[in-house]
Amino acid sequence: MDLPFRLLNVFAIDGDPFSGNPLCVFPDAAALGDDEMQAWARQFNLSESAFVTSVGEGEAAREAQVRIFTPEHEMPFAGHPTLGAAEVVAGLADGADRVHLTMPAGRIPVVRTEHGWRLAARPATLREVTSSGTDLAAALGIEPALVVRADASWVDSGVEQLVVRLVTAEAVRACTPEPHAMTEHMTSPGRPPHAYVWAWTGPSTIEARLFYTQGPSVLEDPATGSACANLGGWLAARGVRDVSVVVSQGAAVGRPSRLLLDVDGLGGVHVGGRIHAVGQGVCSYAVEGVRP
């Protein structure tokens, strides 16, 4: 069985070919079962892989069904796979400038911009954090005074994450999370621990990092569109309107990335970024009763 794939860097920085968050998109995954999608995501071992399971014809070619998998589990929504899948689906639709991708979290509109692609996030829901600032700081491996406890919140605009504001970018860079404390204080129901830490670096610039656990280890994501959308939902819930923010992420893991966050006049949240094509190919493998 032949399985085409595309490799992209999402939230890339113009002029840096190795910036952004790597992504694999399978544009023709209709024949794959859940276990096969999970196995291919584990094979490529990127933070996520996207599987396009159906694309409409004619005018409906701008509509597609997409599944997103980490090496360990399926995600209901993730930002950089959504933007990367939009780039691939648009190519299948003769260069469409607008697509709608339906995934477990819902139907996500994505549009082409001069800076790449931009998604419209679902309205966010927020819930209170019960852990203390001292607990959060211990989980992040920093001093309690560096955590703005009043601004910590669980936020969900497609996938729930703990969003924690720190006092400075230096505090963001200083984080060395502890996995057991993360499990105790940063676990959302049904998901492994996740923590998105951020700080203002200027009137319209932010530095951020996203940590998550995998088994006994703490990993870091280079660029997290879902967390950026959650940050936008957090800002919108506090009455922020008509702002555009540049979010820097990924430098700590050697993948500098740039995410463009907008909160419009109605509180709608949009996340965008540049996409660089890296390569493409075809995987050949055997399925039961079929020779590759």
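Everything below is about the structure shown above.
## Comments concerning unusual backbone geometry
1) Next: Residue Phe11 is not a glycine yet carries a positive backbone phi of 65 degrees.
2) Next: Relative to the helices and strands, Phe11 resides in strand β1 (residues 2-12).
3) Next: A relative accessible area of 0% places Phe11 in the buried class.
4) Next: The backbone of Asp242 sits at a positive phi, close to 55 degrees, despite the residue not being glycine.
5) Next: As for its placement among the helices and strands, Asp242 is situated in the loop between α6 (225-237) and β15 (243-249).
6) Next: A residue is classified by how much of its surface remains accessible, and Asp242, at 62% relative accessible area, is exposed.

## Let's talk about the pairing of strand β7 (residues 106-113)
1) Next: Strand direction decides the pairing type here: strand β6 (residues 98-103) and β7, joined by six bridges, are antiparallel. Residue pairing across strands places Thr102 opposite Arg107, the latter belonging to β7.
2) Next: With antiparallel pairing between neighbouring strands as the criterion, β6 and β7 make up a hairpin whose turn holds two residues.
3) Next: The pairing of β7 with strand β8 (residues 116-120) spans four bridges and is classified as antiparallel. Its bridge partner lying in β8, Thr113 is registered against Gly116.

The rules we used
- Residues numbered from 1 in each chain as written.
- Predicted model: local features only at pLDDT ≥ 70, side-chain atom pairs only at ≥ 80, totals over all residues.
- Heavy atoms only, no water.
- Helix = DSSP H or I, 4+ residues; strand = E, 2+ residues; numbered from the N terminus.
- Buried < 20%, exposed > 50% of the residue type's maximum accessible area, 1.4 Å probe, protein only.
- Pairing = 2+ DSSP bridges.

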